[in-house]
Amino acid sequence: MEISFQRAIKIDSTANPYTNYKDHKVDPATMAVIDTMKGYSSAYDKETSRKIGNFLRAHIGDYDKKTGVYARRIDGYPYIFTGEEAKKAREINQDARREIEELEQRYLKGPNSSMPLSEQTELENESLHKIYRQNIFLRRDKKLLEMVEDGDTYDKPHTYLRFEMDDSGKLKGITYNYFKRENDSFVEKQANLTI
């Protein structure tokens, strides 16, 4: 049975979900599992890495070494993007970075760099600066989430991927569920891996 991550998948992981949350980075235990798709993960021996990576690659219809995997934490959950979606996700993130760089340049120059700013104006500018930065990040995350297989629209499937971890952050198993409405019925696919 071929299961395809056609867009982007939300990962439910029993690993500590808030590690590096502020930086939107995926926690190290979950990232170690994702890295097995690219090849060897230093968190696992070669055989285990190969077993995990083979399972994930076998079930990802659009995985491509050229585009690889893009992983990001959004609203507290890790997501992976593969194939064309990985490429689009990187572009969205690069666009946000460019916007932030432009914002930083404007903020550093101030509204009129030849005149000193009053403390009041400086505080207002700092508050606006933070709001503008936050809005850039929110727009980026919204665009990324629009690609996720969340079943919110009629033609979009709902895909569920769960990494079951032990107390030390090592993978114990993976559960994959896919279901989609097609006409008047539901199509459901499931796959499991136990380590």
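Computed from a predicted model, the values in this text were never measured in an experiment.

*Asks:* Go over the packing of aromatic side chains with me, naming the residues and quoting the values.
*Replies:* The geometry of an aromatic ring pair is captured by the separation of the ring centres together with the interplanar angle, meaning the angle of the planes. As enumerated under the stated definition, the model contains one aromatic pair in all. When the ring centre of tyrosine 77 is taken as origin, the NZ or CZ atom of lysine 10, which lies over that ring, is 3.8 Å away. Its end group placed over the ring of tyrosine 44, lysine 170 keeps NZ or CZ at 4.9 Å from the ring centre.

*Asks:* Explain the pattern of salt bridges residue by residue, including any values.
*Replies:* Should their charged atoms come close, side chains of opposite charge can pair. Inspection of the entire model under this criterion finds nine salt bridges. For glutamate 47, the salt bridge is made with arginine 50, and the minimal N-O distance between the two is 2.6 Å. Taken together, the positions of glutamate 47 and arginine 50, both in helix 2 (residues 46–58) and three residues apart, correspond to about one turn of that helix. Since its relative accessible area comes to 47%, glutamate 47 is described here as partly exposed. With a relative accessible area of 44%, arginine 50 lands in the partly exposed category. Ionic pairing is found between arginine 98 and aspartate 95, a salt bridge with its closest N-O pair at 2.4 Å. Here the residue arginine 98 and the residue aspartate 95 both occupy positions in helix 3 (residues 83–109), the gap between them amounting to three residues, near one helical turn. Using a relative accessible area of 43% as the deciding quantity, one classes arginine 98 as partly exposed. For aspartate 95, a relative accessible area of 38% corresponds to the partly exposed category.

Rules of the game
Residues numbered from 1 in each chain as written. Predicted model: local features only at pLDDT ≥ 70, side-chain atom pairs only at ≥ 80, totals over all residues. Heavy atoms only, no water. Phe/Tyr/Trp six-rings, centres within 6.5 Å; stacked < 30°, edge-to-face > 60°. Lys NZ or Arg CZ within 6 Å of the ring centre and 35° of its normal. Salt bridge = Lys/Arg side-chain N within 4 Å of Asp/Glu carboxyl O. Helix = DSSP H or I, 4+ residues; strand = E, 2+ residues; numbered from the N terminus. Buried < 20%, exposed > 50% of the residue type's maximum accessible area, 1.4 Å probe, protein only.

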